[in-house]
Amino acid sequence: MKRPRTLVAMGAQVARRLLREPVRSRLALVADVDPDLVVTDFADADLAEVEVLYTSWGCPMVTAEVLARAPRLRAIVHAAGSVKHHVSEACWQRGIQVSSAAAANAEPVAEFTLAAILFANKRVFDIARDYRASRTGRDWDARYPGFGNYRRTVGVVGASRIGRRVIELLRPFDLEVLVSDPYLHEDLGVAHVGLDELVARCDVVSLHAPDLPETRHMIDRARLAAMRDGATLINTARAALVDQDALTAELVSGRLHAVLDHTAPEILPSGSVLYDLPNVLVTPHIAGSLGGELARMADLAVDELVRYARGLPFAHGVEPASLSRSA
């Protein structure tokens, strides 16, 4: 197996968190690379002999000018999700092979979503807050009639990698699962319905669509109004999918619940009512890969580098035609 000349290109802080043992040793074993040499700006980088870029968050854009200085570059292996931030049209025109660890990053988001769905239906957040305030036993069935997960209806908006994984994780439970996605043309083993029907039927609506012009505010005032009283909206996708002003009004009224890992702005102002509403759980964009979960993405990217070194196609290759409807 050849050891292709590889250059690490990503944010310096990202590299410190991502390239830890045993990832560093694996990377050095399969590639001719210096894991301590991390490029954050291609302007002064020596690219003449580089065959593969091992990238992650913070990688600078690989422009036509950069490619002109990298005549041997053949592949970009991305140890993160979306490649839109650094893979330019010039890369596709030159036929650069591109791989992404989006599948690895999907796993913790799907796990977070599963926990949020089960806790939402069980009213765990409400009961825990109630119990903390009262410090006494209550008739929880009377206070939260019908709470629990048995035969509840969950809607997955977007048959993305994460959306599909959420559907898989929900299979062992006694739940009815619906999916809505205009690009879905295969049977995922759950009912495929329109978005308007989904929001009206579900006890929990979980968002997994990409942030595109056509998805902006797809959960608008009318669709929020159509949701069942007491239903929960989970957003681990992007804030732009939701009309946040309309959602806030529904949450202030107490009619809906929400689990929001994405808000606009990403760090809410200190005076935002969303922090203190009893029916809202706001988290600071933690559903994706963090901490020890970064190693899953790094390992997948090294696996892809091994496949490249052996002359095999990427297992997680990115096709440029799919970028117009992906994150």
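Predicted model only: the values in this text are computed from it and were never measured.

## Description of helix α6 (residues 124-134)
Helical geometry note: an α-helix holds 3.6 residues per turn, so side chains three or four residues apart project in the same direction.
Point 1. Every buried residue belonging to α6 is among D126, I127, D130 and S134, and all of these are buried. Buried residues of α6, viewed axially, fall in a sector of 90°; they line one side.
Point 2. Those residues of α6 that are buried are in contact with α5 (102-122), α7 (140-143) and β11 (257-260).
Point 3. Positive backbone phi, at 55°, marks R135, one or two positions downstream of α6.

## Topic: the sheet that holds strand β2 (residues 38-39)
Point 1. If you walk across this open sheet you meet the five strands as β2-β1-β3-β4-β5, and the pairing is parallel. On the outer flanks of this sheet lie β2 and β5 (97-100), each paired with one strand and no other.
Point 2. Where strand β1 (residues 6-9) lies against β2, two bridges are found, and the strand directions are parallel. By the bridge assignment, V8 is partnered in β2 with V38.

## Details of the environment of R223
Point 1. Here R223 shows up in helix α10 (residues 221-226).
Point 2. Classification of R223 as partly exposed rests on a relative accessible area of 22%.
Point 3. Sequence separation between R223 and D141 is 82 residues, and the spatial gap between their C-alpha atoms is 29 Å.
Point 4. Those residues in contact with R223, other than ones at most four positions away along the chain, are L195, D196, V199 and M218.

## Focus on the sheet that holds β11
Point 1. Strand order in this open sheet of seven strands is β8-β7-β6-β9-β10-β11-β12, and the pairing throughout is parallel. Each of the sheet's edge strands pairs with one partner strand only, and the pair in question is β8 (191-192) and β12 (280-282).
Point 2. Pairing of strand β9 (residues 204-207) with strand β10 (residues 232-235) involves four bridges; the strand directions are parallel. Among the inter-strand pairings, S206 is bridged to a residue of β10, identified as I234.

## Some remarks on the UniProt feature "domain: D-isomer specific 2-hydroxyacid dehydrogenase NAD-binding" (unreviewed entry) in the protein chain
Point 1. Within this structure's numbering, the places UniProt gives as "domain: D-isomer specific 2-hydroxyacid dehydrogenase NAD-binding" (unreviewed entry) are residues 115-287.
Point 2. For residues 115-287, the end-to-end C-alpha separation is 11 Å, with 32% helix and 17% strand making up the annotated structure.

## Focus: the pairing of β5
Point 1. Of the strand pairs in this sheet, strand β4 (residues 75-78) and β5 are connected by four bridges, and their pairing is parallel. Paired with H78 across the bridge in β5 is S100.
Point 2. The β-α-β motif built from β4, the intervening helix α4 (residues 89-94) and the parallel element β5 has right-handed crossover chirality.

## Quick word on the domain arrangement of the protein chain
Point 1. Examined at the domain level, the protein chain breaks down into domain 1 (6-95 + 291-322) and domain 2 (106-282).
Point 2. Here the C-alpha centre of domain 2 lies 35 Å away from the C-alpha centre of domain 1.

## Section: the pattern of salt bridges
Point 1. Scanning the entire structure with this criterion turns up 20 salt bridges.
Point 2. A salt bridge links R5 to D32, with the shortest nitrogen-to-oxygen separation between them at 3.3 Å. Within this pair, whereas R5 is found in the segment before β1, its partner D32 is found in the loop between α2 (23-30) and β2, the two being separated by 27 residues in sequence.
Point 3. Close ionic contact of E186 with R164 constitutes a salt bridge, the shortest N to O distance being 3.1 Å. With E186 in the loop between β7 (175-180) and β8 and R164 in helix α8 (residues 161-170), this residue pair connects regions lying 22 residues apart in the sequence.
Point 4. We classify R164 as partly exposed; its relative accessible area is 28%.

So, how was this worked out
Residues numbered from 1 in each chain as written. Predicted model: local features only at pLDDT ≥ 70, side-chain atom pairs only at ≥ 80, totals over all residues. Heavy atoms only, no water. Buried < 20%, exposed > 50% of the residue type's maximum accessible area, 1.4 Å probe, protein only. Helix = DSSP H or I, 4+ residues; strand = E, 2+ residues; numbered from the N terminus. Arc of directions from axis to C-beta. Contact = heavy atoms within 4.5 Å. Pairing = 2+ DSSP bridges. UniProt positions renumbered as here; feature names shortened; annotations may be inferred. Right-handed = clockwise from strand over helix to strand, strands pointing away. Domains from an automatic or database assignment. Salt bridge = Lys/Arg side-chain N within 4 Å of Asp/Glu carboxyl O.

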